Every structure is written in C-alpha cells, then in structure tokens.
Amino acid sequence: RRFPSVDAPCLRMVLFGARVELREWDHTRRWRRMRVLRAVDPDEDIHRTDGSRLHGLVPDDGWMMVEHPNLGVLLQAIPPGGMPGAAAEEEEEVEEQTVFSTKA
C-alpha cells in the first residue's frame, strides 16, 4: 500500500509464499515498510535525470500489514539460514530472488 492504512491505494500484490525484505515498522507496529517496483501513474510527472519522462515501473516505498484483525498473521519471519528442512542449493537460489518478491 502507498501508506500504512487499509484505505491507502494498493501499489503491488505479493503472492502467497513469496519472500520479501521488510524495513522499519510504522508507529502502530502493524505495518512494515518495503521497497517495491510500482507502475507509473499516467498522471504522474516523473522524469529521468536527462529530462525524459519515465514510464513503466519505478522503485518506491510501500507498506505491508503484518497481522490483520480478521485474517490473522499475513507475514511470518524467516529464521536466519532460511526455512527449516530446505535444501541448501534451493536456499541459495531463493536468496538471490528475495530483494523484490512482488511479481504479480
């Protein structure tokens, strides 16, 4: 979401089971900040350093709710070293893909 609120616009969706890197908490400790690639809104006036207009996806900050009042836990911490019982080669492959796990 754009802001830590259920009423804020959704920037991207994350598939169940995806690994994401989360940053700081909001003041309520119900939301965590994360970096996402979001679509540029046609009404936005975003330009590159060379002055050309930017299209497509841009990096931005978004917020993910950690625990929903009705749905329960939405995000679960992964212990250091990855998921218990996962093969070492599988962990290495996943580790490389965890920076932005926001594929829709």
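Refer to the structure presented above.
This report concerns the structure included in the present document. Every value quoted in this text rests on a predicted model; they were computed, and no experiment measured them.

Here's the deal with the overall build of the chain
Link 1 in the chain: Assigned secondary structure in the chain consists of one helix and four strands.
Link 2 in the chain: Expressed as a percentage of its 104 residues, the buried residues of the chain come to 23%.
Link 3 in the chain: Counting contacts in the chain only where the partners sit at least 6 residues apart, residues at least 24 apart contribute 55% of the total.

Things to note about unusual backbone geometry
Link 1 in the chain: Backbone geometry places arginine 29, a non-glycine residue, at a positive phi of 60°.
Link 2 in the chain: Within the secondary structure, arginine 29 is located in the segment before strand E1 (31–39).

Let's talk about the environment of arginine 23
Link 1 in the chain: Positionally, arginine 23 belongs in the segment before E1.
Link 2 in the chain: Separated by 11 residues in the primary sequence, arginine 23 and methionine 34 have C-alpha atoms spaced 5.6 Å apart.

Some remarks on the nonpolar core
Grouped burial of nonpolar side chains is what soluble globular proteins tend to show.
Link 1 in the chain: Of all hydrophobic cores here, the largest spans six residues; its members are Leu11, Met34, Val36, Met64, Val66 and Leu75.
Link 2 in the chain: For valine 66, the residues in contact, after removing those within four places along its chain, are Trp25, Arg30, Arg32, Gly72, Val73, Leu74 and Leu75.

Points about the pattern of salt bridges
Link 1 in the chain: This model, assessed by the stated rule, comprises five salt bridges.
Link 2 in the chain: A salt bridge links arginine 2 to aspartate 60; its shortest N-O distance comes to 2.7 Å. Of this pair, arginine 2 sits in the segment before E1 while aspartate 60 sits in strand E2 (residues 57–65); the two residues are 58 residues apart in sequence, bridging distant segments of the chain.
Link 3 in the chain: The buried category is assigned to aspartate 60, whose relative accessible area is 16%.
Link 4 in the chain: Between arginine 33 and glutamate 24 there is a salt bridge whose closest N-O contact spans 2.4 Å.
Link 5 in the chain: Here glutamate 24 falls in the partly exposed class, since its relative accessible area comes to 38%.
Link 6 in the chain: What you see here is one network of salt bridges that share partners, running through Glu24, Arg33, Arg35 and Asp61.

Describing the environment of glutamate 67
Link 1 in the chain: Structurally, the position occupied by glutamate 67 is in strand E3 (residues 67–68).
Link 2 in the chain: The sequence separation of glutamate 67 and arginine 29 amounts to 38 residues, and the corresponding C-alpha distance is 9.6 Å.
Link 3 in the chain: Ignoring sequence-local partners within four residues, the contact set of glutamate 67 consists of Arg30, Gly72, Val73 and Leu74.

The rules behind each value
- Residues numbered from 1 in each chain as written.
- Predicted model: local features only at pLDDT ≥ 70, side-chain atom pairs only at ≥ 80, totals over all residues.
- Heavy atoms only, no water.
- Helix = DSSP H or I, 4+ residues; strand = E, 2+ residues; numbered from the N terminus.
- Buried < 20%, exposed > 50% of the residue type's maximum accessible area, 1.4 Å probe, protein only.
- Contact = heavy atoms within 4.5 Å.
- Core = buried A, V, L, I, M, F, W, Y, C linked by side-chain atoms within 4.5 Å.
- Salt bridge = Lys/Arg side-chain N within 4 Å of Asp/Glu carboxyl O.

Purely geometric stuff here, so don't read any function into it on its own.
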